[in-house]
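Descriptive structure summary
Here is how the chains run, residue by residue.
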Amino acid sequence: MDGNCCKSLQNDKKFTLAPPPLPRSAATVYPCKRLVTNYSAPSGHSSYVFSATRDLWERLFYEGYKADVRINTVNGGIVYAHSNILAMASPVMRGMLEQANRHHHRWRSISIFGVPHDAVRVFIRFLYSSCFEKEEMEEFILHLLVLSHVFVVPHLKRECERKLELGLLTTDNVVDVFQLALLCDAPRLSLICHRMILKNFKAVSESEGWKTMKQSHPVLEKEVLESVIEEENSKNERIRKINERKIYLQLYEAMEALVHICRDGCRTIGPYDKDFKANQPCRYVACKGLELLVRHFAGCKLRVPGGCVLCKRMWQLLELHSRLCADPDNCRVPLCGNFKQRISKQSKKEEIRWKILVEKILRTRGTGIAPCFPPQ
């Protein structure tokens, strides 16, 4: 083509060259909703499985095209499968297939007894496509847990454990699941079952699973009962410590209120050399009760220790304050210095008892074991 012809083509709009259309992206051909993420892929790898691929494996299982294995189940049931797929999905099945005898130069025959026929069918289907129906999983989950453990299919075993943990575990089946978890080496599931048994022991002990375990595994029942007793004792110990801590906090608050009353005054009572407003707001919770106790102590005719229960309590509070006070010489609480002088005259046993009480109060309060309530 000469130069004049090229020039005429360039001037002709009909022959204007246009770029070819861009190729369609993979997302256009296969919508994202048809992509299924494979969460069991190795760390650092991304894996997506097209639903068409899974449908292909499902068809291969259901149609049994060129199947070469017959799996015998209970009541004469048969599930057809492919030896290559079974061998790659389960090392145990690979060994069984290698030992199986060929029949008519095509079929290998293996047997899976002890579980329902439909449970075997659901299990083999999972080996093909990792798929299952929700209703079938709920019905045969215990059988699938056993099959996944026996034939070493870890991803199915994890799925069974997850389904049980997320809602299929009940007080009726928890004992059965607990025993299977121990047999199938599922420590997390066995721990969850054990906690559920401890938490709902009354309902669990009335279930059929518990009655069966009591007859078939008395040693396991004894161990569970011992753990229930231990848990109950631990619970009672926790409650005791909580109540004890409340008492120590109340004693410390009473000491704060006592110093506040004797130094600043509160509501209707206070030091003689200070003016205060009656019914004024107070931030000390223990003040109201302590005011009543101080008024009783001031007017009681049986103030000697042992003569009056309320007065005895007041004497104990005053002595406890003296052991917490940092400056008894300038303290406004009555008898603070006197109690300090009495400490050296007390018996060793009584001294140890008071020291332990003071340390527990301060430790509960979080103030250490140093004296407190310095003068202001």
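This structure is a prediction, so every number in the text was calculated from the model and none was measured. (Residues numbered from 1 in each chain as written. Predicted model: local features only at pLDDT ≥ 70, side-chain atom pairs only at ≥ 80, totals over all residues. Heavy atoms only, no water.)

Let's talk about the overall build of the chain
The number of helices and strands found in the chain is 17 helices and 6 strands. Across the 376 residues of the chain, 34% fall into the buried class. Taking contacts inside the chain between residues at least 6 apart in sequence as the whole, the part at least 24 apart equals 55%. Looking at the chain as shown, the accessible area adds up to about 24,700 Å², and 54% of this sits on carbon and sulfur atoms. (Helix = DSSP H or I, 4+ residues; strand = E, 2+ residues; numbered from the N terminus. Buried < 20%, exposed > 50% of the residue type's maximum accessible area, 1.4 Å probe, protein only. Contact = heavy atoms within 4.5 Å. Areas by Shrake-Rupley, 256 points an atom, 1.4 Å probe, with all protein chains shown as cover.)

With respect to the pairing of strand β4 (residues 78–81)
Judged by which residues are buried, β4 turns out to be one-sided: V79 and A81 face inward and are buried, whereas I78 and Y80, on the alternate face, are not. In this antiparallel pair of consecutive strands, strand β3 (residues 69–72) and β4, the connection spans 5 residues, and N75 shows a positive phi of 60 degrees. (Pairing = 2+ DSSP bridges.)

Comments concerning the packing of aromatic side chains
This structure, assessed with the given rule, holds 7 aromatic pairs. Arranged with centres 5.3 Å apart and planes meeting at 55 degrees, the rings of Y80 and W107 form a pair that is tilted. Pair noted here: Y80 is in strand β4 and W107 is in strand β6 (residues 107–111), with a separation of 27 residues, a long-range link. Judged by its relative accessible area of 40%, Y80 is partly exposed. Grouped by ring-pair contacts, the aromatic residues F61, Y62 and Y128 constitute a single cluster. (Phe/Tyr/Trp six-rings, centres within 6.5 Å; stacked < 30°, edge-to-face > 60°.)

A closer look at the environment of G64
Structurally, G64 can be placed in the loop between α3 (51–63) and β3. Not counting the four nearest positions on each side in its chain, G64 is found in contact with R59 and H82.

Considerations on the packing of helix α7 (residues 134–150) against helix α8 (residues 154–168)
In contact at an axis separation of 9 Å, α7 and α8 are set at 140 degrees when each is read in the N-to-C sense. Between α7 and α8, the crossing angle belongs to the class labelled oblique. Where α7 crosses over α8, the two elements pack in a sense that is left-handed. Of α8, the residues touching α7 (which contributes M137, E138, I141, L142, L144, L145, S148 and H149) are L156, K157, E159, C160, E161, K163, L164 and L168. Its residues placed into classes, the contact of α7 with α8 shows 9 nonpolar, 2 polar and 5 charged. (Axes fitted to C-alpha atoms, helices over the stretch in contact; angles between N-to-C directions. Parallel < 35°, antiparallel > 145°, perpendicular 65-115°, else oblique. Left-handed = near helix turned anticlockwise from the far one by under 90°. Nonpolar A, V, L, I, M, F, W, Y, C, P; charged D, E, K, R; others polar.)

Describing the pairing of β3
Taken residue by residue, a regular strand's side chains alternate between the two faces of the sheet. Burial along β3 is one-sided: V69 and I71 are buried, while R70 and N72, pointing the other way, are not. As paired strands, β3 and β4 are joined by 4 bridges and run antiparallel to one another. Within the sheet, the bridge partner assigned to R70 lies in β4 and is Y80. As paired strands, β3 and β6 are joined by 4 bridges and run parallel to one another. Its bridge partner being in β6, V69 is matched across the sheet by R108.

Topic: helix α17 (residues 348–365)
Think of an α-helix as 3.6 residues a turn; residues three or four steps apart then line up on the same face. Counted at 1.5 Å a residue, the expected span for α17 with its 18 residues is 26 Å, and the 26 Å between its end C-alpha atoms agrees. Turning to α17, its buried residues number three or more, namely W354, V358, I361, L362 and T364. An end-on view of α17 places all buried positions within 165 degrees of arc, on one side of the element. Exposed and facing more than 90 degrees away from the buried side of α17 are K348, K349, R353, K355 and R363. The inward-facing, buried residues of α17 abut α13 (218–263) and α15 (309–324). With its phi angle positive at about 80 degrees, G366 sits one or two positions after the end of α17. (Expected span 1.5 Å × (residues − 1). Arc of directions from axis to C-beta.)

Things to note about α15
Along its 16 residues, α15 runs 23 Å from first to last C-alpha, staying within 8% of the 22 Å computed at 1.5 Å per residue. Taken residue by residue, α15 has C311, M314, L317, L318, E319, L320, H321, S322, R323 and L324 as its buried positions. The inward-facing, buried residues of α15 abut α13, α14 (287–299), α16 (336–342) and α17.

Details of the pattern of salt bridges
On inspection of all chains with the given rule, the structure shows 15 salt bridges. We note a salt bridge from E58 to R125, for which the minimum N-O separation is 2.7 Å. Taken together, the residues E58 in helix α3 and R125 in helix α6 (residues 117–129) connect sequence positions 67 residues apart. Of the two residues, E58 and R125, neither departs from the other in class, the shared state being buried. It is possible to trace a salt-bridge network through shared partners that takes in E58, D118, R121, R125, E133 and E136. (Salt bridge = Lys/Arg side-chain N within 4 Å of Asp/Glu carboxyl O.)

Concerning the nonpolar core
Formed by 52 residues in total, the largest nonpolar core has its most connected members in I71, L86, F123 and I124. At 8 residues, the largest contribution of residues to this core is made by α6. Counting residues in hydrophobic clusters, the runner-up holds 31 residues, among them L258, C262, C266 and C311. (Core = buried A, V, L, I, M, F, W, Y, C linked by side-chain atoms within 4.5 Å.)

Here's the deal with the confidence of the model for the chain
A low pLDDT score tells you not to read the predicted coordinates there in detail. Per-residue pLDDT for the chain has a mean of 80; in total, 79% of the residues score no lower than 70. In the predicted structure, residues 5–17 sits below a pLDDT of 50 and forms 3 contacts with residues beyond four places in sequence or in another chain. Note on residues 22–41: pLDDT under 50 across the span, and 17 contacts to partners over four residues away in sequence or across chains. (pLDDT = per-residue confidence, 0-100.)

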